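Take a look at the letters that make up each chain.
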There are 2 protein chains.
Amino acid sequence: MPYLAPWRSPLARNLYQHRNQPQARYLQLATTDLEGKPSNRTIVFRGFVDHLPNSSNLLKFISDRRAAKISHIQHQPWVEACWYFPKTREQFRISGKMLLVEAEHPNWSPMRQTTWQELSDQSRTQFSWSDPGQPLAQAPEHNQPPPSQAHPNFTLLLLDPWLVDRLELRHYPHHRSRYQKSGEQPQPSLWHHHYLNP
Amino acid sequence: MPYLAPWRSPLARNLYQHRNQPQARYLQLATTDLEGKPSNRTIVFRGFVDHLPNSSNLLKFISDRRAAKISHIQHQPWVEACWYFPKTREQFRISGKMLLVEAEHPNWSPMRQTTWQELSDQSRTQFSWSDPGQPLAQAPEHNQPPPSQAHPNFTLLLLDPWLVDRLELRHYPHHRSRYQKSGEQPQPSLWHHHYLNP
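K.L.:
Hey, could you run me through the packing of aromatic side chains in this one?
P.N.:
Aromatic ring pairs are reported here in terms of the distance separating the ring centres and the angle at which the planes meet. The full count for this structure, using the stated rule, is 22 aromatic pairs over all chains. Their ring planes at 70 degrees and their centres at 5.8 Å tell us that Trp-7 of chain A and Trp-191 of chain A sit as a pair that is edge-to-face. Taken together, the positions of Trp-7 of chain A in the segment before α1 (8-17) and Trp-191 of chain A in strand β9 (residues 191-196) put the pair 184 residues apart, joining distant regions of the chain. These aromatic residues form a ring-pair network of at least three members: Trp-7, Phe-45, Phe-48, Trp-83, Phe-85, Phe-92 and Trp-191 of chain A. Positioned above the aromatic ring of Tyr-16 of chain B, the side-chain terminus of Arg-19 of chain B is 4.0 Å from the ring centre. The ring centre of Trp-78 of chain A lies 3.8 Å from the NZ or CZ of Lys-37 of chain B, which sits over that ring.

And the structure:
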């Protein structure tokens with residue numbers, strides 16, 4: 001039975017209240033580049049992973065391994081995601097370490113393959129496009145059949161949260177609280193919840 | 001006559017197309033903390049500053065000077081803002097140096113005072129609340145009359161863009177382009193525009 005962290009329930013309520021807005025599953029992921037500068041981009045939330053041994057509450061994302069964020073994460077695995085829900089006026093800031101699952105990952109290759117198979121053909125094709133972020137080289141190839149095996153550039157990103165900062169702007173004064181993990185094992189007692197000044 | 005950078009016109013079109021959505025003026029600001037970890041939060045765009053000598057195209061924000069982002073910026077002034085527009089499916093990533101305008105700034109005190117006067121009473125009162133991000137200490141004081149002089153905690157943030165990455169997801173394949181400044185002076189020739197692989 002996976003253990004759900006105490007911030008999962010308010011986050012699930014926000015997702016439910018935005019269920020008609022696909023963009024509510026878009027959030028912003030900050031990384032630090034190799035020079036120590038921050039970098040920030042929109043990324044699509046692909047669901048929680050709760051069934052791994054000794055890991056639950058992981059947020060799943062996907063990326064092309066040629067994207068700049070991959071080299072940032074290899075250098076500094078700590079990231080912060082910022083997730084704002086406009087209807088409820090709530091913000092979740094989720095920080096922790098990002099795990100990369102590439103083709104040869106010892107444990108999580110099956111999950112990578114399953115996630116690949118759930119993608120649309122259009123999404124799969126993008127992993128065969130020219131090197132992202134480089135000067136426009138040529139028209140990407142459209143008609144190439146997407147392989148049933150995950151493309152070598154297809155990378156899973158798993159965010160293992162360590163600290164969650166929740167801000168509720170619909171209250172005045174605003175409500176703010178922090179959920180902090182104090183150990184590595186996914187046990188209920190290891191998440192602590194405090195109220196903060198907004 | 002201020003010089004408008006070439007990315008201003010597409011950004012203005014996006015703002016116009018979202019003119020009925022107040023949250024379209026919310027964007028995510030990434031900073032690097034003192035340990036080199038990224039930090040990310042939603043912040044409200046307060047307009048462009050185009051009338052300063054030798055500076056135009058600055059994005060204006062406000063903050064409490066006790067917020068963590070202020071110490072991050074003092075340590076590493078480079079930031080990246082990520083601005084996603086859901087209706088048009090366009091993203092702007094804007095990176096550059098952030099300038100802090102506190103109470104005693106030699107040049108920009110008048111602009112700080114003007115910005116303060118444009119705030120709602122509710123917004124002004126927040127600068128008298130207890131230390132943000134600290135454990136909840138006491139109920140914030142509500143009824144204190146907001147002073148007509150800017151509160152000492154009231155800080156202007158001016159983002160001086162150096163690199164703008166624009167992604168248009170409504171096209172398939174996606175369109176991506178980069179605007180890069182190559183010098184300090186605000187002259188038209190100093191912004192270069194390139195198309196990138198998405």
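Next comes the rest of the account.
K.L.:
What am I meant to see in the interface of chain B and chain A here?
P.N.:
In many reports, interface size means the accessible area that the parts give up when they come together. Contacts between chain B and chain A engage 48 residues on the former and 48 residues on the latter. Interface of chain B and chain A: buried area, both sides summed, is about 4100 Å²; carbon and sulfur atoms make up 55% of it. By the criterion of area lost to chain A, the three top residues of chain B are Asn-40, Tyr-172 and Asn-197 of chain B, representing 17% of everything that side buries. Across the contact surface, chain B and chain A share zero salt bridges. The biggest single contributor to the side of chain B that touches chain A is strand β1 (residues 26-32) of chain B, with six residues. Class assignment of the residues belonging to the side of chain B that touches chain A gives a composition of 20 nonpolar, 19 polar and nine charged.

K.L.:
I tried to follow the pattern of salt bridges on my own but got confused; where do I start?
P.N.:
If charged atoms from side chains of opposite charge come close, those side chains can pair. Summed over the entire model, instances satisfying the criterion amount to 20 salt bridges over all chains. With a closest N to O distance of 3.0 Å, Glu-90 of chain A and Arg-166 of chain A form a salt bridge. Of the two residues, Glu-90 of chain A sits in strand β6 (residues 90-101) while Arg-166 of chain A sits in strand β7 (residues 154-168), which places them 76 residues apart along the sequence. By relative accessible area, which is 3% here, Glu-90 of chain A ends up buried. Taking relative accessible area as the criterion, Arg-166 of chain A reaches 10% and is therefore assigned buried. A salt bridge links Glu-80 of chain B to Arg-93 of chain B; the nearest nitrogen and oxygen atoms lie 3.1 Å apart. Of this pair, Glu-80 of chain B sits in strand β5 (residues 78-85) while Arg-93 of chain B is found in strand β6 (residues 90-101), placing the two residues 13 residues apart along the sequence. Pair check on accessibility: Glu-80 of chain B and Arg-93 of chain B agree, each one buried. Here the residues in one salt-bridge network are Glu-90, Arg-166, Glu-168 and Arg-170 of chain A, joined through shared partners.

K.L.:
What am I meant to see in the relation of the copies chain B and chain A here?
P.N.:
Each of the two chain copies can be generated from the other by rotation about an axis followed by a shift along it. It takes a turn of 180 degrees to lay chain B on chain A, together with a shift of 0.0 Å along the axis; the resulting RMSD is 0.0 Å. Look at the turn and shift together and you get a two-fold axis relating the two. Taken as a fraction of all interface residues of chain B, those also at the interface in chain A reach 100%, which identifies the copy contact as same-surface.

K.L.:
In this structure, what is going on with the confidence of the model for chain A? I would like to understand it.
P.N.:
A low pLDDT means the predicted coordinates there should not be read in detail. With 92% of its residues at a pLDDT of 70 or more, chain A has an overall mean of 92. Reported confidence for the predicted complex is 0.94 by ipTM and 0.95 by pTM.

K.L.:
Is there a simple way to explain the environment of Leu-158 of chain B in this structure?
P.N.:
All names here are of chain B. With respect to the helices and strands, the residue Leu-158 is situated in strand β7 (residues 154-168). A relative accessible area of 0% places Leu-158 in the buried class. In this structure, the C-alpha to C-alpha distance between Leu-158 and Glu-90, residues 68 residues apart in sequence, is 23 Å.

K.L.:
What is the right way to read the pairing of strand β1 (residues 26-32) of chain A from this model?
P.N.:
Looking along a regular strand, one sees the side chains alternate between the two faces of the sheet. Residues and elements named next belong to chain A. Along β1, seven of the seven residues are buried, which leaves the element largely enclosed by surrounding structure. Here β1 shows two buried faces, one formed by Tyr-26, Gln-28, Ala-30 and Thr-32 and the other by Leu-27, Leu-29 and Thr-31. One ladder, built from seven bridges, connects β1 with strand β2 (residues 38-44); its direction is antiparallel. Opposite Ala-30, over in β2, you have Asn-40 as the bridge partner. In textbook terms, the turn of a hairpin is the stretch between consecutive antiparallel strands, and for β1 and β2 this stretch comprises five residues, one of which, Gly-36, has a positive phi near 85 degrees.

The rules behind each value
Residues numbered from 1 in each chain as written. Chains lettered and ligands numbered in written order. Predicted model: local features only at pLDDT ≥ 70, side-chain atom pairs only at ≥ 80, totals over all residues. Heavy atoms only, no water. Phe/Tyr/Trp six-rings, centres within 6.5 Å; stacked < 30°, edge-to-face > 60°. Helix = DSSP H or I, 4+ residues; strand = E, 2+ residues; numbered from the N terminus. Lys NZ or Arg CZ within 6 Å of the ring centre and 35° of its normal. Contact = heavy atoms within 4.5 Å. Buried area = accessible area lost by both parts, 1.4 Å probe. Salt bridge = Lys/Arg side-chain N within 4 Å of Asp/Glu carboxyl O. Nonpolar A, V, L, I, M, F, W, Y, C, P; charged D, E, K, R; others polar. Buried < 20%, exposed > 50% of the residue type's maximum accessible area, 1.4 Å probe, protein only. Least-squares fit on C-alpha atoms with pLDDT ≥ 70 in both. pLDDT = per-residue confidence, 0-100. Pairing = 2+ DSSP bridges.

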